[in-house]
Amino acid sequence: MDSIISVAGVAKTYDTGFRALDPVDLDIRKGEIFALLGPNGAGKTTLISIICGIVRPSAGTITVMGHDAIGDFRAARRLIGLVPQELSVDMFETVLATVKFSRRLFGKAADDGYIEQVLKDLSLWDKRKSKVAELSGGMKRRVLIAKALSHEPEILFLDEPTAGVDVALRRDMWKLVHRLREKGTTIILTTHYIEEAEEMADRVGVIDKGRLILVEDKAVLMRKLGKRRMLISLQEPMAEVPAGLAEWHLELADEGRQLLYLFDAQAERTGIPSLLRKLNELHIGFKDLETSKSSLEDIFVDLVANDRAEQAA
Ligand SMILES: Nc1ncnc2c1ncn2[C@@H]1O[C@H](COP(=O)(O)OP(=O)(O)OP(=O)(O)O)[C@@H](O)[C@H]1O
Ligand SMILES: [Mg+2]
């Protein structure tokens, strides 16, 4: 595996005594889009900030393309673009000036053509002469992305890139991320939106209460844990699931008008034919059958619930 970032045994206890991160081991592959998924307070920003050298870990080591992220901070940091979660831009500069300034900070020679392209990619070119303070929230977020890209980083961190951003802009950002990846940029993003991880990521890491519960290829994750659901719309509503259907562990939905059956899409036997035979035998009529895949969202909710139950036990 060609890893571009290596995190080994990284843990964090803040000065308050709060343990935000249990020891984490994680390798980021060159050129991938990695999504760190977790609820509020899970430790996503903490982990990213440690890798970017903004927060000091209590234990562990990080290397970024062979550079120690702490001992050799400048070399490591130069390879990284970071779009922080919090808006932090110089409000009184123009868009163009603030982005050019970011590039200079990293000691890169001026390249007006490159900056123009970045601003155009982010639909900010028309606003280049506006003061940042005069932009909308979503535009300010795009300025942060432009700043992070200003020095042509190998690795881009996006901490909640689409928080507070409308649907159209979110789609634009996804496209931009894919374009960057095509150019070879490695991308690590955090998100609460499972939809976003599902749409963008090659691999997903799930983090909860400072624990990295799992790291998996998105496709494998969805195949391994993905359940399918079948909704059976009944002709007559029922008050409870008949005993004769116990083996399928059905649930009633829509005030008894529907039966819900969850089954393993990978299993040899789905149980559907036998269920349908049984319904027939019991003279339970239905109007419609509908099957759908569970989303990464269902998987995620299950995972976190299981992990918390295990921790509590
Ligand atoms: N500087 C700090 N001092 C003390 N505790 C902190 C500090 N920064 C973060 N924490 C705590 O560490 C935990 C993880 O915070 P972090 O910001 O990493 O979460 P997150 O996963 O990014 O959450 P969100 O989705 O809300 O952005 C939280 O409980 C938070 O209160
Ligand atoms: Mg955060």
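From a predicted model like this one, the values you see are computed outputs, not experimental measurements. Residue numbers restart at each chain and count upward from 1, following the sequence in its written direction. Lettering for chains starts from A, numbering for ligands starts from 1, and both go in the order in which the items are written. Whole-chain, interface and lining totals are the exception, using all residues; otherwise, since this is a predicted model, local features are given only for residues with pLDDT of at least 70 and side-chain atom pairs are given and counted only at 80 or more. Calculated side-chain values reflect all of the structure's heavy atoms, with hydrogen atoms and water omitted.

Draft legend 1. How the structure looks around the overall build of the protein chain. Looking only at helices and strands, the protein chain has ten helices and 14 strands in total. Dimensions along the principal axes, computed over C-alpha positions, put the protein chain at roughly 80 × 45 × 35 Å. Taking all 313 residues of the protein chain together, 43% fall into the buried category. Here, residues are in contact when the closest pair of their heavy atoms is within 4.5 Å. When contacts within the protein chain are restricted to residue pairs at least 6 apart in sequence, long-range pairs at least 24 apart make up 70% of them. Accessible area for the protein chain stands at about 16,200 Å²; split by element, carbon and sulfur atoms hold 48% of it. Strands are runs of DSSP state E lasting at least 2 residues, helices are runs of H or I lasting at least 4, and numbering of each runs from the N terminus. Note on exposure labels: buried denotes an accessible area under 20% of the residue type's maximum, exposed denotes more than 50%, and partly exposed covers the range between, all computed with a 1.4 Å probe on protein chains only. Shrake-Rupley sampling with a 1.4 Å probe provides the accessible areas, and residues are treated as covered by the protein chains on show and by no other component.

Draft legend 2. Focus on the sheet that holds strand β2 (residues 19-29). Any two strands are treated as partners once DSSP identifies two or more bridges connecting them. Pairing is antiparallel across the open sheet formed by four strands, whose spatial order is β2-β1-β4-β5. The open sheet is flanked by β2 and β5 (67-68), the only strands paired with a single partner. Relative to strand β4 (residues 59-64), strand β1 (residues 3-13) runs antiparallel, the two sharing five bridges. When the sheet's bridge partners are listed, Ala8 is paired in β4 with Thr61.

Draft legend 3. Summary view of the pattern of salt bridges. Every case where a carboxyl oxygen of Asp or Glu lies within 4 Å of a side-chain nitrogen of Lys or Arg is listed as a salt bridge. A complete count under the given rule lists eleven salt bridges for this structure. The partner of Arg203 in a salt bridge is Glu32, with the nearest N and O atoms 2.7 Å apart. Of this pair, Arg203 sits in strand β9 (residues 203-208) while Glu32 sits in the loop between β2 and β3 (33-37), and the two are 171 residues apart along the sequence. According to the relative accessible area criterion, Glu32 is buried, its value standing at 6%. For Glu152, the salt bridge identified is with Arg103, shortest N-O distance 2.8 Å. Taken together, the residues span a long stretch of sequence, with Glu152 in the loop between α5 (137-149) and β7 (155-159) and Arg103 in helix α3 (residues 95-105) at a distance of 49 residues. With a relative accessible area of 6%, Arg103 lands in the buried category. Salt bridges linked by common partners bring Asp254, Glu255 and Arg257 together as one network.

Draft legend 4. Looking closely at α3. Taken together, the buried positions of α3 are Val95, Thr98, Val99, Ser102 and Arg103. Looking straight down α3, one finds that the buried residues subtend no more than 145 degrees of arc, so they occupy a single side. Structural note: α3 exposes Arg104 and Leu105 on the side pointing more than 90 degrees away from its buried face. Check the buried side of α3 and you find it contacts α4 (112-121) and α5. Looking at the residues trailing α3, positive phi occurs at Gly107, about 75 degrees. Here the arc refers to the directions that run from the helix axis out to each C-beta atom.

Draft legend 5. Region of the structure containing the site of ligand 1. Taken together, 15 residues sit near ligand 1, with Asn40, Lys44, Thr45, Thr46 and His192 positioned nearest. Between N or O atoms, a polar contact is any pair within 3.5 Å; within protein, one atom must be a potential hydrogen donor and the other a potential acceptor, and residues adjacent in sequence are included only when both atoms are from side chains. Between ligand 1 and Ala42, the relevant distance is 3.1 Å, taken from an oxygen atom to a main-chain nitrogen or oxygen of the residue. Here Gly43 contributes a backbone N or O atom positioned 2.9 Å from an oxygen atom of ligand 1. Compared with its free state, where it exposes 640 Å², ligand 1 has 67% of that area covered by protein. The greatest single-element share of the shell around ligand 1, amounting to three residues, is contributed by helix α1 (residues 44-51). We call a residue near a molecule or strand whenever a single non-hydrogen atom of that residue lies within 4 Å of it.

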